[in-house]
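Coordinates in review
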There are 2 protein chains.
Amino acid sequence: MLRVGINGYGTIGKRVADAVSAQPDMELCGVAKVSPDYVAIGAVEAGYPLYVVDETRIEEFREIGVDVAGTVDELVEESDVVVDATPSGIGAENRSLYERHDTPAIFQGGEDATVAEVSFNARVNYDEAEDADYVRVVSCNTTGLSRLVAPLEEAYGIEKVRATLVRRGGDPNQTGRGPINDAVPDPVSIPSHHGPDVQTLFPKLDIDTIGLKVPTTMMHVHAINVTLENPPASEDDVRDLLAAQERTIMVPEYARIDGAGTLKDMAADAGRPRGDIWENCIWEESVTLQGSDLYCMQAIHQESDVVPENVDALRAISGHLSGPESRSLTNETLGIGFGGLRDRPVKRLDTQTADD
Amino acid sequence: MLRVGINGYGTIGKRVADAVSAQPDMELCGVAKVSPDYVAIGAVEAGYPLYVVDETRIEEFREIGVDVAGTVDELVEESDVVVDATPSGIGAENRSLYERHDTPAIFQGGEDATVAEVSFNARVNYDEAEDADYVRVVSCNTTGLSRLVAPLEEAYGIEKVRATLVRRGGDPNQTGRGPINDAVPDPVSIPSHHGPDVQTLFPKLDIDTIGLKVPTTMMHVHAINVTLENPPASEDDVRDLLAAQERTIMVPEYARIDGAGTLKDMAADAGRPRGDIWENCIWEESVTLQGSDLYCMQAIHQESDVVPENVDALRAISGHLSGPESRSLTNETLGIGFGGLRDRPVKRLDTQTADD
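Note on numbering: residues in each chain are counted from 1, in written sequence order. Each chain takes a letter, starting from A, and each ligand takes a number, starting from 1, following the order in which they are written. Residues qualify for local features only when their pLDDT is at least 70, as the model is predicted, and side-chain atom pairs are given and counted only at 80 or more; totals for whole chains, interfaces and linings, by contrast, use all residues. Only hydrogens and water are removed before side-chain values are computed, so all heavy atoms of the structure are retained for them.

Moving on to the pairing of strand β16 (residues 293–300) of chain B. All names here are of chain B. When DSSP finds two or more bridges between two strands, those strands count as paired. Numbering of helices and strands runs from the N terminus, with a helix taken as a DSSP run of H or I at least four residues long and a strand as a DSSP run of E at least two residues long. Bridging between strand β12 (residues 220–228) and β16 involves eight bridges; their strand directions are antiparallel. Of the residues in β16, the one forming a bridge with Ala223 is Met297. As defined by bridge partners, strand β15 (residues 288–290) adjoins β16 across three bridges and the pair is classed as antiparallel. Across the sheet, residue Gln290 finds its bridge partner in β16, namely Asp293. Linking two consecutive strands that pair antiparallel, namely β15 and β16, is a turn of two residues; a positive phi of about 65° is found at Gly291 within it.

Here's what the structure looks like:
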């Protein structure tokens, strides 16, 4: 059993904690948190031992009825591996804590790539993490791009990727974030950091990315162009290729899923925990081939697509399962893949409109 | 066993179907739906027999792999009671269908009160539905107001209610609805229909309501003033009274839940199906007494607060359990009440800010 500690119990940390608890080969030692709030209460309700980051605040937790199991130092000491899911930049500050206890750690994509020896995606470079002590799971957007790039590169070769990332302004509980009525170039300089970040996984890939943020909290949406070296005969070949990927959902036209809100509604209907969508969601109609130029649009759930990647990173760093074995076990235990949509016959509808 | 059919399988219908399936004394005969889409596929995945409203579209369902159990006429015939969860106005058109089959029916609050003999809330007038063949569960907002009015009226007497309803523009999957950047008086005439609708349950209540809609999809938020006839000594008495209500959550300051998005995040953390919140959510700090004027703010989840009311309406109309028995069974089977928040000591924080 791999004993896992989670440092940082927010949007990602609480989801990774649940995912780790669902693995037959892992045991959750506990979670560490800074502030006493409803999320801390949720940890207690879930039965997770709660450790404090700041010892001077133990009494604050106790006052709201949250038992404290110890300090983050103690959690790191008793864990075989720690997942650091603290806010961007804090992870780098925490590395010395993990080194002090000689505890390997998984960092998140909000950290600079230099925080770890390896930037990681389970589909792309599982084996590279086996000899590392510190691994960084790339961000939600980079994960989404990499899952799309990998099969296209293998099947057709890629001359160049150009991607526009229309990013959600904040998560549903981040009431202080903007924009509230704008589409904001973010960053205004091009490329955004996402292109170089994808290159931490595909060093030779030619990729430019443009980032914006918009007033939604549901999902990111990517508008993508990939110029292929050896394009297939038909865009249906590309659809079949993408549909065969483990962590990809092809959104069929007949389902009448017209946006991220509808995708989230479907995930809620399917009983997904927290309505999470761990997979890239590619609109099947959007997959279009114009000569060697492939186009498509995909939605990426910022709160959850890196969760299975963290689980796989834990196995990769501890070296006890192969990549295919780990990915398969993760997919099975989390329930990845919308069988309901995937297994149905494809039927195209004629509903295109042009009203703006 | 009460055999229940659901006509209309959208936001409310799919939730009522799940809730009926969870009742030990009910059996779901099936659900009827107009369009083949992801929600229809969800019904199949849930194992619910699917009936078509429009026989000419049977082939469309079959083309996407959805088996059709029959027509809505057949569903109504084999059901002891039908829940009509069709869009506003369609329910009234459907009444003749139910009469033709001599099948009692529950309508939703989008219909005019004249659609049924009784407008219904389980807390307020359960017994009145016992002799009726047609019952209308009042709307989400009216349900939320009525749950608040009932205990205040009983404990202190009410001189007058004045409520401003800041309503969500649409549900998460209603991508075509507005507003996108406005706070829209809706309706601009005062009172809005909500006040008179509350009076279908409390005929003697003096209540004026003002309605607006804003660009959110999460929940409605009500700003409420109730002038009490015999106010208590302290607002803490009111807090205790409201905290004792079955379908009310008092949102404590220490939980740091600052808006509807955060409430929804908490519900997701708690593993609520679809992240639903069946209860009125009253911010504890907002409960304020100024002489005989009581003020508070509450959030109402438009997609789900009427679901337990529909379940109770089914039992009331069929007359086989008392109100307290039905409400208790509904609460238990759905998991109503956030024990995690409710059972903790109250601690007030000093965090008020004034930045706009």
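Backbone torsion omega between Ile190 of chain A and Pro191 of chain A reads 5°, so that peptide bond is classified as cis. Assignment of secondary structure puts Pro191 of chain A in the loop between β10 (184–185) and α8 (194–199). In this model, Arg256 of chain A sits at a positive phi of 55°, which is unusual for a non-glycine residue. Here Arg274 of chain B, not a glycine, exhibits a phi torsion of approximately 55°, which is positive.

What follows covers the sheet that holds strand β8 (residues 134–137) of chain B. Residue and element names in this part refer to chain B. Sheet architecture is open: eight strands sit in the order β4-β3-β2-β1-β5-β6-β8-β7, paired in parallel fashion. Two strands close off the open sheet at either side, each with one partner strand: β4 (70–71) and β7 (118–120). In this sheet, strand β5 (residues 81–84) lies alongside strand β1 (residues 2–7) in parallel orientation, the contact comprising four bridges. Paired with Val4 across the two strands is Val81, which belongs to β5. In what follows, residue pairs with any heavy atoms lying within 4.5 Å of each other are defined as contacts. To get an axis, fit a line to the C-alpha atoms, keeping to the stretch in contact for a helix; angles then go from 0 to 180 degrees between the N-to-C directions. Of the strands in this sheet, β1, β2 (26–33) and β5 touch helix α1 (residues 11–21), which is tilted by about 160° from β2. Where helix α11 (residues 307–318) meets the sheet, it contacts β1, β2, β5, β6 (105–107), β7 and β8, and its direction lies at approximately 160° from that of β8.

Take the interface of chain A and chain B next. With 37 residues of chain A at the interface, the matching set in chain B holds 37 residues. Summing the contributions of chain A and of chain B, the shared interface buries around 3200 Å²; its carbon and sulfur component is 53%. The rule for a salt bridge is simple: a side-chain nitrogen of Lys or Arg has to be within 4 Å of a carboxyl oxygen of Asp or Glu. Run the count over chain A and chain B and you get six salt bridges. Between Lys14 of chain A and Asp269 of chain B there is a salt bridge; the shortest N-O distance is 2.9 Å. Summed over both partners, buried area is the accessible surface (1.4 Å probe) that two parts give up on being assembled.

All names here are of chain A. The feature "binding site: D-glyceraldehyde 3-phosphate" (unreviewed entry), as given by UniProt, occupies Ser139, Cys140, Asn141, His194 and Gly195 in the numbering adopted here. With the annotated positions falling across 57 residues, the maximum pairwise C-alpha distance of 13.0 Å places them together in a single cluster. By secondary structure assignment, the location of Cys140 is in helix α7 (residues 140–156). Locating His194 in the fold gives a position in helix α8. Not counting residues up to four positions away in its chain, the partners in contact with His194 are Asn141, Thr142, Leu145, Leu165, Arg167 and Thr209. Among the polar contacts listed, one links the side chain of His194 to the side chain of His193, at a separation of 3.4 Å. UniProt positions are given in the numbering used here, feature names are shortened, and annotations may be inferred rather than shown by experiment. Polar contact criterion, stated in full: a pair of N or O atoms within 3.5 Å, where within protein one must be able to donate a hydrogen and the other to accept it, and residues adjacent in sequence count only if both atoms are side-chain atoms.

Turning our attention to the relation of the copies chain A and chain B. Least squares is the method for superposing the copies, and the C-alpha atoms it fits come from residues with pLDDT of at least 70 in both. Mapping chain A onto chain B leaves a residual RMSD of 0.0 Å; the transformation is a rotation of 180° accompanied by 0.0 Å of translation along its axis. Here the two chains are linked by the operation of a two-fold rotation axis. Looking at the rotation axis and the C-alpha trace of chain A, the residue lying nearest is Asn181 of chain A, at 3.2 Å. When the interface residues of chain A are mapped onto chain B, 100% of them again fall at the interface, so both copies present the same face.

All names here are of chain A. Buried residues are those whose accessible area, probed at 1.4 Å on protein chains only, stays under 20% of the maximum for their type, while exposed residues exceed 50% and partly exposed ones sit between those limits. Along helix α9 (residues 235–243), the residues that are buried comprise Val238, Arg239, Leu241 and Leu242. Take α9 and look down its axis: the buried residues cluster within an arc of 160°, on one side only. Next to the buried residues of α9 lie α7, β13 (248–251), β14 (280–283) and β16 (293–300). N-capping of α9 is provided by Ser234, with a side-chain oxygen placed 2.8 Å from the backbone N of Asp236. Directions drawn from the helix axis to the C-beta atoms are what define this arc.

The quantity called pLDDT is the predictor's confidence in a given residue, expressed from 0 to 100. A residue-level look at chain A finds 95% of positions with pLDDT of 70 or above and a mean pLDDT of 94. For the stretch residues 350–354 of chain A, pLDDT sits under 50, and the model shows three contacts to residues farther than four places along the chain or on other chains.

Turning next to the packing of helix α11 (residues 307–318) of chain A against helix α12 (residues 323–334) of chain A. When two helices pack together, their arrangement is given by the angle between the helix axes and by the axis-to-axis distance. All names here are of chain A. Running from amino to carboxyl end, α11 crosses α12 at an angle of 135°, the nearest separation of the two axes being 9 Å. Comparing their axes, α12 and α11 come out oblique. Considering the relative orientation of α11 and α12, their crossing is right-handed. Contacts between α11 and α12 involve Val307, Pro308, Val311, Asp312 and Arg315 from the first element and Ser326, Arg327, Leu329, Thr330 and Leu334 from the second. When grouped by side-chain class, the residues that make up the contact of α11 with α12 number five nonpolar, two polar and three charged. Note that the term roughly parallel is reserved for angles under 35 degrees, roughly antiparallel for angles over 145, roughly perpendicular for angles of 65 to 115, and oblique for everything else. Left-handed describes a crossing in which the near helix is turned anticlockwise from the far one by less than a right angle; the clockwise case is right-handed. Gly falls in the polar group here, along with every residue not listed as nonpolar (Ala, Val, Leu, Ile, Met, Phe, Trp, Tyr, Cys, Pro) or charged (Asp, Glu, Lys, Arg).

Bringing the environment of Thr217 of chain B into the picture now. Along the polypeptide, Thr217 of chain B turns up in the loop between β11 (207–214) and β12. Given the relative accessible area of 25%, Thr217 of chain B is considered partly exposed. Sequence spacing of Thr217 of chain B and Thr175 of chain B is 42 residues, and the spatial spacing of their C-alpha atoms is 9.8 Å. Apart from residues lying up to four places away in sequence, Thr217 of chain B is in contact with Met218 of chain A together with Arg168, Gly170, Asp171, Pro172 and Gln302 of chain B.

Attention now moves to the sheet that holds strand β3 (residues 50–52) of chain A. All names here are of chain A. Pairing within the open sheet is parallel, and its eight strands lie in the order β4-β3-β2-β1-β5-β6-β8-β7. Because the sheet does not close on itself, it has two edges, and the strands there are β4 (70–71) and β7 (118–120). Here two bridges tie strand β5 (residues 81–84) to strand β6 (residues 105–107), and the two strands are oriented parallel to one another. Considered in β6, the bridge of Val83 is made with Ile106. The sheet strands contacting helix α1 (residues 11–21) are β1 (2–7), β2 (26–33) and β5, and the helix crosses β2 at an angle near 160°. Where α11 meets the sheet, it contacts β1, β2, β5, β6, β7 and β8 (134–137), and its direction lies at approximately 160° from that of β8.

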